[in-house]
Amino acid sequence: MIRFTTAGESHGEALVAIVEGIPAGLIIDVDNINLDLARRQKGYGRGKRMNIETDKVKILSGVRRYRALGSPIAMLIFNKDFENWIEIMSPVSNESDNEPLLRPRPGHADLPGLMKYGLKDFRDILERASARETAARTAAGAVCKAFLKEFGISVMSYTSQIGSVVVEDGLIEDEKFWSNVESSEVRSPDIEADKKMKELIDEASLKGDTLGGKIVVVAKNVPVGLGSHVQYDLKLDGRLAQALISIQAVKVVEFGYGVKLAELFGSKAHDEIFYDKTKGFYRETNRAGGVEGGMSNGEPIVITCTMKPIPSLVNSLNSVNLKTKESAKAEAVRSDVCAVPAAGGVAEAAVAVELANALTEKFGGDSIEDVKKRVNDYKERIKFI
Ligand code: EPS
């Protein structure tokens, strides 16, 4: 089983990720993890915090001489900004004379968190609720991506919508498509859309407003049969959906045609099955998005995530002062105008962890060579059933 946990507050000293279950022998390349962290920091519409941080991981355990030991891999990402917050965030002193945050932001964890945990200053909630935590998830995901790569499985993402600007076609088999994505500041495959998205982000920024959008995550070369139809919590789509919807601001997760399926006749909603002597079973469409009956079906897994506009607005929404109970504008805290491009890398990480977990569930873990052998045997068995 591959699983991970994270710790850390946005302006605390560091973020922590602990990944368990990575088979021994897997090569762990810190530079690759750092590349994913850098991708997460980029994106048109990011806030000023990203000028302060240069996220890099320090591996504390579970790796020796570049190879996983099979023991928990603990990783640390220092928050450079901590030095500006030592007084406010110190776990060992009470010297700060900072006023508590009292005007909760609608759409954020501030108010429900404060009520649930019986606290008085909603900084105690926002620090952990912040999307800063996704840096730790990205590090965990990068380790899982390295594991998946051993089996030829790749996980990529692109931005398909920001505000009202929509990218129509996802030519996911086209290499140019992906190189456009990686060179676009909004991770759009379409140069025209890239321009319009940036204009819209500028407009939102000028108005003190924010923007959401859609990300498409694509996992290729996933073997048939990850996940299972036999129990609700084994279904691969259910597990992927949970991992993705837990990303800050993600409100909708769709597989393949997703919500569009509601308007179609059944005859146009599924992927008919064909057989060819050399290819074996194949499909001409991928409306299911690579998952049928809670199992991967060998087609690319295609998932669209909708992200709401970030609820930290410079031009704040109406709220209430927790002390006086009078109407007041919500606290305006530093934030991003649009984090959709950054969220692509986070969504890749979430998918990578779930796929890596499902892979070890089916084929076992412990040693990377053992897993490879079992995957190859299985692929041989199902080749021409
Ligand atoms: C983020 C760091 C945060 C925010 C953002 C994401 O840094 P700071 O609060 O110091 O500006 O920029 O978090 C949010 C959007 C949010 O609502 O919490 C990051 O590292 O991604």
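What you see is a predicted model, and the numbers here were worked out from it, not measured in a lab.

About the thresholds
Sequence order sets the numbering: in each chain, residues are counted from 1 along the sequence as written. Only residues with pLDDT of at least 70 are given local features in this predicted model, and only at 80 or more are side-chain atom pairs given and counted; all residues enter the totals for whole chains, interfaces and linings. The side-chain quantities take in all heavy atoms of the structure and omit both hydrogens and water. In this description, strands pair whenever DSSP reports at least two bridges between them. Secondary structure elements are taken from DSSP: a helix is a run of H or I of four residues or more, a strand is a run of E of two residues or more, and numbering for both begins at the N terminus. Every residue pair with non-hydrogen atoms within 4.5 Å of one another is taken to be in contact. Lines fitted to C-alpha atoms define the axes here, with helix axes fitted over just the stretch in contact, and angles between the N-to-C directions of these axes take values from 0 to 180 degrees. A patch consists of residues whose relative accessible area exceeds 30% and which take part in no salt bridge; residues with like charges are grouped when within 9 Å of each other, and nonpolar side chains (Val, Leu, Ile, Met, Phe, Trp, Tyr) when within 5 Å. Surface accessibility in these figures is a Shrake-Rupley result with a 1.4 Å probe; residues are shielded only by whichever protein chains are displayed. The salt bridge definition used is simple: a Lys or Arg side-chain nitrogen within 4 Å of an Asp or Glu carboxyl oxygen. Charge assignment: positive for Lys and Arg, negative for Asp and Glu; neither His nor the chain ends contribute. Note on charges: their place is set at NZ of Lys, CZ of Arg, CG of Asp or CD of Glu. Throughout, exposure labels follow a simple rule: accessible area from a 1.4 Å probe, protein chains only, divided by the maximum for the residue type, with under 20% read as buried, over 50% as exposed, and the rest as partly exposed. To qualify as a nonpolar core, a set must consist of buried Ala, Val, Leu, Ile, Met, Phe, Trp, Tyr and Cys residues joined through side-chain atoms within 4.5 Å. Any residue with a non-hydrogen atom lying within 4 Å of a molecule or strand is treated as near it. Pairing of N or O atoms within 3.5 Å defines a polar contact, subject to two protein rules: one partner must be a possible hydrogen donor and the other a possible acceptor, and residues neighboring in sequence count only if both atoms are side-chain atoms. Centres within 6.5 Å are what make two rings of Phe, Tyr or Trp a pair, Trp counting through its six-membered ring; a difference in plane orientation under 30 degrees is then read as stacked, over 60 as edge-to-face, and the rest as tilted. To sit over a ring, a charge needs its Lys NZ or Arg CZ within 6 Å of the ring centre and within 35 degrees of the ring normal. To estimate the expected span of a helix, count its residues, drop one, and scale the result by 1.5 Å. Note that the arc is computed from the directions linking the helix axis to the C-beta atoms.

(A) How the structure looks around the sheet that holds strand 8 (residues 165-166). Strand order in this open sheet of five strands is 8-7-9-15-10, and the pairing throughout is antiparallel. Either end of the sheet is taken by a strand with one partner, and the two such strands are strand 8 and strand 10 (250-255). Looking at chain direction, strand 7 (residues 154-162) and strand 9 (residues 213-220) are connected through eight bridges and run antiparallel. Considered in strand 9, the bridge of Ser 154 is made with Lys 220. Its contacts with the sheet place helix 7 (residues 175-183) against strand 7 and strand 9, and it is angled at close to 65 degrees to strand 7. In the packing of helix 8 (residues 191-206) onto the sheet, contacts are made with strand 7 and strand 8, and the angle to strand 7 comes to roughly 60 degrees.

(B) Local environment of a negative patch on the surface. On the surface, Glu 87, Glu 95, Asp 97 and Glu 99 cluster together into a patch of negative charge. For Glu 87, the position within the fold is in helix 3 (residues 86-89). Its relative accessible area of 48% is what places Glu 87 among the partly exposed residues.

(C) Summary view of the nonpolar core. In terms of nonpolar packing, the biggest core is built from 76 residues, with Ile 22, Met 75, Phe 147, Leu 244, Ile 301, Val 351 and Leu 355 touching the most fellow members. For this core, the leading source of residues is helix 10 (residues 340-363), giving 13 residues. Beyond its immediate stretch of four places on either side in the chain, Ile 22 contacts Ile 2, Ala 68, Gly 70, Ile 73, Val 143 and Cys 144. If you look at the next biggest cluster of nonpolar residues, it comprises nine residues, including Met 156, Tyr 158, Val 181 and Val 216.

(D) Structural view of the site of the ligand. Surrounding the ligand, one finds 14 residues, the nearest of these being His 11, Arg 40, Arg 49, His 108 and Arg 334. Within the side chain of Arg 49, an N or O atom sits 2.8 Å from an oxygen atom of the ligand. Here an oxygen atom of the ligand and a side-chain polar atom of Ser 130 are 3.3 Å apart. Alone, the ligand offers 470 Å² of accessible surface; in the complex the protein occludes 93% of this.

(E) Quick look at the packing of aromatic side chains. Evaluation of the coordinates by the stated rule reveals seven aromatic pairs. The side chain of Lys 362 reaches across the aromatic face of Phe 363, ending 5.2 Å from its centre.

(F) Quick look at the pairing of strand 15 (residues 301-307). By the criterion of burial, strand 15 is predominantly enclosed, with seven of the seven residues buried. Neither face of strand 15 is open: one carries Ile 301, Ile 303, Cys 305 and Met 307, the other Val 302, Thr 304 and Thr 306, and all of them are buried. In the sheet, strand 9 pairs with strand 15 via seven bridges, with the strands oriented antiparallel. Within strand 15, the residue paired with Val 216 across the bridge is Thr 304. In this sheet, strand 15 lies alongside strand 10 in antiparallel orientation, the contact comprising five bridges. Pairing of Glu 254 across the sheet is with Thr 304, part of strand 15.

(G) Highlighting unusual backbone geometry. Even without being glycine, Arg 65 reaches a positive phi, approximately 50 degrees. Counting through the fold element by element, Arg 65 comes out in the loop between strand 4 (63-64) and strand 5 (67-68). Even without glycine at this site, Tyr 66 takes up a positive phi of about 70 degrees.

(H) Local environment of the pairing of strand 1 (residues 3-7). Note: strand 1 against strand 2 (residues 14-20), five bridges, orientation antiparallel. Bridging across to strand 2, Thr 6 finds its partner in Ala 17. Where strand 1 hands over to strand 2, the hairpin turn is made up of six residues, of which Gly 8 adopts a positive phi near 130 degrees.

(I) Region of the structure containing helix 11 (residues 368-383). Relative to the 22 Å expected for 16 residues at 1.5 Å per residue, helix 11 spans 22 Å between its end C-alpha atoms, a close match to the ideal helical length. Looking at helix 11, one finds that the buried residues are Ile 368, Val 371, Val 375 and Tyr 378. End-on, the buried residues of helix 11 take up no more than an arc of 95 degrees, which puts them together on one face. Residues Glu 369, Lys 373, Glu 380 and Arg 381 are exposed on helix 11 and point more than 90 degrees away from its buried face. Next to the buried residues of helix 11 lie helix 6 (134-149) and helix 10.

(J) Region of interest: the pattern of salt bridges. According to the stated counting rule, one finds 29 salt bridges in the structure shown. For Arg 49, the salt bridge is made with Glu 53, and the minimal N-O distance between the two is 2.8 Å. The residue Lys 383 makes a salt bridge to Glu 380 at a minimum N-O spacing of 3.3 Å. With Lys 383 and Glu 380 both in helix 11, this residue pair falls three residues apart, about one helical turn. Overall, Lys 383 belongs to the partly exposed group, its relative accessible area being 45%. Three or more residues joined by partner-sharing salt bridges are found here, namely Arg 40, Arg 49, Glu 53, Asp 55, Asp 81, Arg 132 and Arg 334.

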